[in-house]
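Below, each chain spelled out in residue letters.
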Amino acid sequence: MSRTATTAYEGFTAEERAAMKDHAKELKTTARRSEAEKAAEAVRDVLAKIAEMKDADRVLAERVHAIVTASAPALAPKLWYGMPAYALNGKLVCHFQAAEKFKGRYATLGFSDPAKLDDGAMWPVSYALIEITPEVEARIGALVKQAVS
C-alpha cells in the first residue's frame, strides 16, 4: 500500500491494541484450563466482563446475554477480543460489542460466518443497539435461533 503526502499510517488505536491484548490473554487463560473448567470459567469471564461495563452498555449486555442464552442454550459463552461472545462447537456465532469498546455511538450485536442468517445475495451481520424494547428482544431471539438452526 503506497502512502500519499496527505495520508500516513498511524498504527493501531489504543482501543485496538487493548482488544488484541485482551485476546492474547484469553488464549493463554483458556490454554491452561481443563475442558470441564473451560466452560464454567468462560461463563464467569463473560459475566465479569459485562459487570465491568459502564451503565448503558452493561444494561444492554446483560439483556443480550439473557436473550442469547435463553434462545440458544447450545451456544457457549466466551470472551472474544474482550467482548462477550457465543460459540457453537467452538465456532463464534455472535458477539456483543459495547459502544465504549471502540468509542462508538452505539453498541452492536454482530454475527460471524457460522451464523445461518443467509437471505439472498446480501444480509446484515451487525445490528446497532441503543435500547432493548420487547420488539428488539424478540428480534434478537429470532436472529439467534436462526443463526444456530
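Residues numbered from 1 in each chain as written. Predicted model: local features only at pLDDT ≥ 70, side-chain atom pairs only at ≥ 80, totals over all residues. Heavy atoms only, no water.

Caption draft 1: The arrangement of the nonpolar core in detail. V64, L75, F96, F111, L129 and I140 are the most contacted members of the largest nonpolar core, which totals 28 residues. Those elements that place two or more of their residues in this core are α2 (35-52), α3 (55-71), β3 (91-97), β4 (107-111), β5 (126-129) and α4 (134-148). The biggest single contributor to this core is α3, with 5 residues. In this view, I140 contacts V64, I67, L109, L129 and I132; residues no more than four positions away in its chain are not counted. (Core = buried A, V, L, I, M, F, W, Y, C linked by side-chain atoms within 4.5 Å. Buried < 20%, exposed > 50% of the residue type's maximum accessible area, 1.4 Å probe, protein only. Helix = DSSP H or I, 4+ residues; strand = E, 2+ residues; numbered from the N terminus. Contact = heavy atoms within 4.5 Å.)

Caption draft 2: View of the side chain of K101. Within the fold, K101 resides in the loop between β3 and β4. Polar contacts involving the side chain of K101 include one to the side chain of D22, which spans 3.3 Å. Of the polar contacts made by the side chain of K101, one reaches the backbone oxygen of Y81; its length is 2.9 Å. Leave out the neighbours within four places in its chain, and K101 touches E15, A19, D22, Y81, G82 and M83. (Polar contact = N/O pair within 3.5 Å; in protein donor to acceptor, adjacent residues only side chain to side chain.)

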